[in-house]
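Letter by letter, the chains look like this.
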Amino acid sequence: MKMVLASKNPKKLEEMAVILSQMGIEVVLESDVGVDVEVEETGTTFEENAALKAFAVMEAAGLPAIADDSGLCVDALGGGPGVYSARYGGEGLTDADRYRLVLEGLQGQLDRGAKFVSAICCAFPGGDRVEARGECPGVIGYAPQGENGFGYDPIFFLPEKKKTFAQLTGEEKNAISHRGKALEKFKEELEKYLTAEGGNQKKSC
């Protein structure tokens with residue numbers, strides 16, 4: 001089965017492809033199927049935004065489309081940046097600019113609790129959807145560390161690992177990350193959906 005990733009982020013593609021390839025699913029970028037969709041993320045939850053992206057790309061490509069909406073939720077920032085993580089601070093900022101804003105917002109704060117959240121939605125031609133959610137708790141460090149990953153990874157510290165996300169290898173991160181957990185749940189839900197869909201097709205024959 002081929003799925004189109006409703007994202008232009010090749011690093012997201014890498015993370016998803018590693019896990020979904022185990023199910024025999026090929027995940028490709030929008031550009032690989034000649035699609036270039038800009039979706040306005042007007043949802044107030046990660047789930048709403050994931051669905052908006054998945055259905056828009058599915059309709060444009062005519063293929064199942066999978067979208068992930070994820071972000072960093074910091075306790076002392078009232079759950080922010082949350083759904084605004086990718087555009088925190090406005091347009092034109094780099095990943096480093098955004099995580100520095102978070103660090104500035106936490107100056108003097110002893111509460112450094114945070115979590116990464118990932119909501120996944122796969123939209124199928126015909127209107128069906130399969131959804132899953134994953135979370136990874138951690139704390140915000142006092143300075144960026146590590147060169148791997150992307151986004152807020154350099155400031156997201158895992159006490160049990162004594163490392164930030166950006167200090168983990170791709171394999172280590174996939175095993176514990178919010179997206180890794182969401183994809184594992186998604187695999188379970190997709191298997192249930194495909195099994196049920198196969199049964200429905202047999203009944204209709």
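Below, the structure is looked at part by part. All figures in this text were calculated on a predicted structure; none of them were measured in a lab.

Reading guide: rules and limits
- Residues numbered from 1 in each chain as written.
- Predicted model: local features only at pLDDT ≥ 70, side-chain atom pairs only at ≥ 80, totals over all residues.
- Heavy atoms only, no water.
- Helix = DSSP H or I, 4+ residues; strand = E, 2+ residues; numbered from the N terminus.
- Rg over C-alpha atoms; globule rule 2.2 N^0.38 Å.
- Buried < 20%, exposed > 50% of the residue type's maximum accessible area, 1.4 Å probe, protein only.
- Contact = heavy atoms within 4.5 Å.
- Lys, Arg positive; Asp, Glu negative; His and termini not counted.
- Charge placed at Lys NZ, Arg CZ, Asp CG, Glu CD.
- Expected span 1.5 Å × (residues − 1).
- Core = buried A, V, L, I, M, F, W, Y, C linked by side-chain atoms within 4.5 Å.
- Pairing = 2+ DSSP bridges.
- Axes fitted to C-alpha atoms, helices over the stretch in contact; angles between N-to-C directions.
- Phe/Tyr/Trp six-rings, centres within 6.5 Å; stacked < 30°, edge-to-face > 60°.

A separate point is the overall build of the protein chain. If you tally the helices and strands in the protein chain, you get five helices and seven strands. The linear arrangement of helices and strands in the protein chain, starting from the amino end, is β-α-β-α-β-α-β-β-β-β-α-α. The C-alpha atoms of the protein chain give a radius of gyration of 18 Å, which matches the 17 Å a tight globule of 205 residues would have. When its C-alpha atoms are laid out on the principal axes, the protein chain stretches across 65 × 35 × 30 Å. Within the protein chain, the fraction of its 205 residues that count as buried is 46%. Within the protein chain, contacts between residues separated by at least 24 positions form 62% of all contacts whose residues are at least 6 apart in sequence. Each charge class in the protein chain can be summarised by its mean position, and for the 23 positive and 33 negative side chains these summaries are 4 Å apart.

Glancing now at the environment of P154. Checked against the element boundaries, P154 lands in the loop between β5 (129–140) and β6 (156–158). Sequence spacing of P154 and Y99 is 55 residues, and the spatial spacing of their C-alpha atoms is 8.2 Å.

Before going further, it helps to examine helix α2 (residues 46–61). Helix length check: α2, at 16 residues, gives a terminal C-alpha distance of 23 Å against a target of 22 Å (1.5 Å per residue), a fit within 8%. Those residues of α2 not exposed but buried are F46, N49, A50, A51, K53, A54, F55, V57 and M58. In this fold, the buried residues of α2 make contact with β1 (2–5), β3 (65–74), β4 (113–123) and β5.

Counting residues in hydrophobic clusters, the biggest one holds 20 residues, and the most contacted among them are I66, F186 and L190. Secondary structure elements with two or more residues in this core: β1, α1 (10–20), β2 (26–29), β4, β5 and α5 (178–204). In terms of residues, this core owes the most to one element, α5, which gives five residues. Apart from the residues within four sequence positions on either side, I66 is in contact with M3, V4, L5, A6, M16, L20, V27, I120, C121, C122 and F186. By size, the runner-up hydrophobic cluster in this structure holds 18 residues, among which are L72, Y99, V102 and L106.

Glancing now at the sheet that holds β1. Spatially, β2-β1-β3-β4-β5-β6-β7 is the arrangement adopted by the seven strands of the open sheet, whose pairing is mixed. Two strands in the sheet have a free side with no partner beyond their single neighbour: β2 and β7 (163–164). Bridging between β1 and β3 involves two bridges; their strand directions are parallel. Its bridge partner lying in β3, L5 is registered against I66. On the sheet, α2 packs against β1, β3, β4 and β5 and is oriented at approximately 155° with respect to β3.

With that settled, the discussion passes to the packing of aromatic side chains. All chains considered together, the criterion is met by four aromatic pairs. Taking the centre distance of 4.5 Å and the plane angle of 55° together, the rings of F116 and F156 count as tilted. In this pair, F116 sits in strand β4 while F156 sits in strand β6, placing the two residues 40 residues apart along the sequence. Taken as a pair, F116 and F156 share a single burial class, namely buried.

The next thing to look at is the environment of G180. As for its position among the elements, G180 is in helix α5. You can call G180 buried: its relative accessible area is 4%. Expressed as a C-alpha distance, the spacing of G180 and P125, which sit 55 residues apart in the sequence, is 25 Å.

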